[in-house]
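Residues per chain are reported as follows:
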Amino acid sequence: MTKISPSILSADFANLKKEIKAIDKAGADYIHLDVMDGNFVPNISFGAPIISAVRPYTNKVFDVHLMIENVDKYYQSFVNAGADIITFHIENTKSPAKLIKAIKSEGVKVGIALKPDTPVSKIKRYLKDIDLVLVMSVEPGFGGQKYIPQDKKIKELKKLSKGMDLEISIDGGINDKTAVKAKKAGVDVLVAGSFVFKSKSYKKAIKVLRG
Ligand code: DX5
Ligand code: ZN
């Protein structure tokens, strides 16, 4: 069954504790946390202190998406904050192999994210060592953007990861209609921000996405 990972970027930040509890109760599989530094992407969101502040209010998987430069320097603070999966963009580390090893040694899963124009060839050699690939279906930085289809990339990843324990996740512009397309292409996880948090019933929205 497709997993749903609501992105709290579109949640009510003044009531984060309430939002986290609500999304847990609504049946989310993962909770997606978008960290932005204003350098790698043209927006600033939140960092490790916010993640550790909400960590006590759910046992769901914290799916942390780091849109920050210099991940080598900062990953430890996200481990300490309670991340279950740490996903970084391949551009933001000097040594992907070393970083993957370091995160794994903390008992945390590892994901690599690809911007819409970054080819699979850039991460092919790391696929056997990681747990998740986050395929971006918008340019990273903001919620509420229009879906850019990634079918070719998803299919390529599916083929390459046969026999591996690797999840393919898609992030950006996911709604009732684009979810159908992404699932058809073969994704395992749908990240959705505005579609879930702008809906009246989180439970219904998650159910619709799961299909
Ligand atoms: C974009 C973020 C996404 C974002 C998705 O840079 O990585 O996770 O929150 O938001 P929607 O679902 O509204 O496109
Ligand atoms: Zn994200």
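Residues numbered from 1 in each chain as written. Chains lettered and ligands numbered in written order. Predicted model: local features only at pLDDT ≥ 70, side-chain atom pairs only at ≥ 80, totals over all residues. Heavy atoms only, no water.

Asker: Hey, could you run me through the coordination of the zinc ion (ligand 2) in this one?
Answerer: Four donors placed tetrahedrally about a metal ideally form angles of 109.5 degrees, and six donors placed octahedrally ideally form angles of 90 or 180 degrees. Around the zinc ion (ligand 2), the protein contributes the donor atoms His32 (NE2), Asp34 (OD), His65 (ND1) and Asp171 (OD), which lie 2.0 to 2.2 Å from the metal centre. One can describe the donor arrangement at the zinc ion (ligand 2) as octahedral, given that its six donor atoms subtend angles of 70 to 171° at the metal. (Donors = N, O, S within 2.8 Å, 3.2 Å for Na, K, Ca; no water. Tetrahedral: all angles 85-135°; square planar, octahedral: opposite > 155°, others 65-115°.)

Asker: Got a minute to help me understand the packing of helix H6 (residues 176-185) against helix H8 (residues 202-210) in this structure?
Answerer: Relative orientation and spacing of two packed helices are given, respectively, by the angle between their axes and the distance between those axes. Axis separation between H6 and H8 bottoms out at 8 Å; the angle between their running directions is 35°. Of H8, the residues touching H6 (which contributes Asp176, Ala179 and Lys183) are Val208, Leu209 and Arg210. Split into classes, the residues belonging to the contact of H6 with H8 amount to three nonpolar, no polar and three charged. (Axes fitted to C-alpha atoms, helices over the stretch in contact; angles between N-to-C directions. Helix = DSSP H or I, 4+ residues; strand = E, 2+ residues; numbered from the N terminus. Contact = heavy atoms within 4.5 Å. Nonpolar A, V, L, I, M, F, W, Y, C, P; charged D, E, K, R; others polar.)

Asker: Quick question: what am I supposed to make of the sheet that holds strand E6 (residues 132-136) here?
Answerer: What holds strands together in a sheet is hydrogen bonding between their backbones, with the strands either parallel or antiparallel. Taken in spatial order, the eight strands make up an open sheet running E1-E8-E7-E6-E5-E4-E3-E2, and their pairing is parallel. Every interior strand has two partners, whereas the edge strands, strand E1 (3-6) and strand E2 (30-36), have only one. Between one strand axis and the next, the sheet turns by 25° as a mean value, whatever way the strands run. Across the sheet, helix H3 (residues 71-81) touches E2, strand E3 (61-67) and strand E4 (85-89), and the angle it forms with E4 is around 160°. Along the sheet face, H8 touches E1 and strand E8 (189-192) and points at about 135° away from the line of E1. (Pairing = 2+ DSSP bridges.)

Asker: How should I be thinking about the side chain of histidine 32 in this particular structure?
Answerer: Here histidine 32 shows up in strand E2. Side-chain polar atoms of histidine 32 contact the side chain of aspartate 34, separated by 2.9 Å. In contact with histidine 32, other than residues within four places in its own chain, are Ser5, Pro6, Ser7, Ile8, Asp63, His65, Leu134, Asp171 and Val191. (Polar contact = N/O pair within 3.5 Å; in protein donor to acceptor, adjacent residues only side chain to side chain.)

Asker: Would you explain the site of ligand 1 in this entry?
Answerer: Inspection of the region around ligand 1 gives 20 residues, with Asp34, Gly141, Asp171, Gly193 and Ser194 positioned closest. One of the side-chain nitrogen or oxygen atoms of serine 7 is found 2.9 Å away from an oxygen atom of ligand 1. Take histidine 32: an N or O atom from its side chain is 3.4 Å from an oxygen atom of ligand 1. Of all the secondary structure elements, the ones that give two or more residues to the shell around ligand 1 are E2, E3 and E8. With three residues, the top contributor of residues to the shell around ligand 1 is E2. Partitioning the shell around ligand 1 into residue classes produces eight nonpolar, 10 polar and two charged. (Near = heavy atom within 4 Å.)

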